[in-house]
Each structure stands twice: as structure tokens, then as C-alpha cells.
Amino acid sequence: MADKINGIDIRILKLLAKNARLTYKELAEILGTTRQRISRRMDRLERNGIIKKYTVIPNYDALGYVHVILGITIKPSVSIDEIIPALVEDENIKIVERALGSHNLVIHIVGPKDMKELEKIINEVSRKIPGIDKLDITFVTETVKFEVL
């Protein structure tokens, strides 16, 4: 069973969400505690799967790529669990999310700005998904805010 999360844990998560490069010493200074206490809490947050990974958020446009989100509604007769492994393996797919609402699958693709190449990638991805009822494509033009907590 996971240990209980408290206010300090939430404050650590919020600080790391803004800057994942903060050291334990810096976190301790900001939170008025010891580096050892931060270390113990971080170990626990990682061990309990609360912190899944540390990552960067690139500027895709500056790198010459485009960020596309596919909102997909799959027919009820198809099992999402059977589709997900093939999607996770696809190098063009960066995020796979189960969802409730208009779509039950949300996929983020990072691809070339060349529309013919991008179309090819989207077609390849959609062929991996049997039973698509509806597919909406959204081009992300700018990430104005990105907060996780």
C-alpha cells in the first residue's frame, strides 16, 4: 500500500513540475527542511509511482517538427487493451492516453512539417487501430502553459 502523501510532498511535486532540475539541497532550502528529509521523500514518491519520470518539454516548432493530437473514438466492440501495445511501440507516437468523453483514446504524434509525410504517419497509426468510429486531428501551434500539478 502506498504511503500517505502530505503537504510537503505536494509542494515538492509543484516545485519539480516547474523545474525538474532542482537539487535536493535547493528543495530543502526552499521548503525549510533538510536534504536528507527531501531525499527520503523523493525515494518514497518514486518508489510509490507518484513520480513516473523526469522529462523535458521541447519546442517542436523550433526543432522543425509539428505536434499533432489524434482524438479517437473506438467502437465498443473493440478492446482498447489489445490496441495499446502496438501504439506504445510506434516511434512516431509520443503520448498514448485512455480517455472518457468525446474520445476514448488520445494520441500525440510528433512528425515532420511536410504534410505528405505527416499524412503517411497518421495513416500508419490509424491502421493500427481497428474499429475507429471517429478520428479528430488537432495541430498544436503553441504550448502556452504546461503545468502538471
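See the structure printed just above.
Peer 1: Explain the sheet that holds strand S1 (residues 65-74) residue by residue, including any values.
Peer 2: The strand order S2-S3-S1-S4 describes an open sheet built from 4 strands, whose pairing is antiparallel. Pairing within the sheet leaves two strands with one partner each, and these edge strands are strand S2 (93-98) and strand S4 (132-140). Between one strand and the next, the sheet's axes are offset by a mean angle of 20°, whatever the strand orientation. Across 5 bridges, S2 lies against strand S3 (residues 105-112) in antiparallel orientation. If you follow Arg98 over to S3, its bridge partner there is Leu105. Packed onto the sheet, helix H5 (residues 80-89) meets S1, S2 and S3 and runs at close to 165° relative to S2. Packed on one face of the sheet, helix H6 (residues 115-127) meets S1, S2, S3 and S4 and runs near 150° to S3.

Cut-offs and rules
Residues numbered from 1 in each chain as written. Predicted model: local features only at pLDDT ≥ 70, side-chain atom pairs only at ≥ 80, totals over all residues. Heavy atoms only, no water. Pairing = 2+ DSSP bridges. Helix = DSSP H or I, 4+ residues; strand = E, 2+ residues; numbered from the N terminus. Axes fitted to C-alpha atoms, helices over the stretch in contact; angles between N-to-C directions. Contact = heavy atoms within 4.5 Å.

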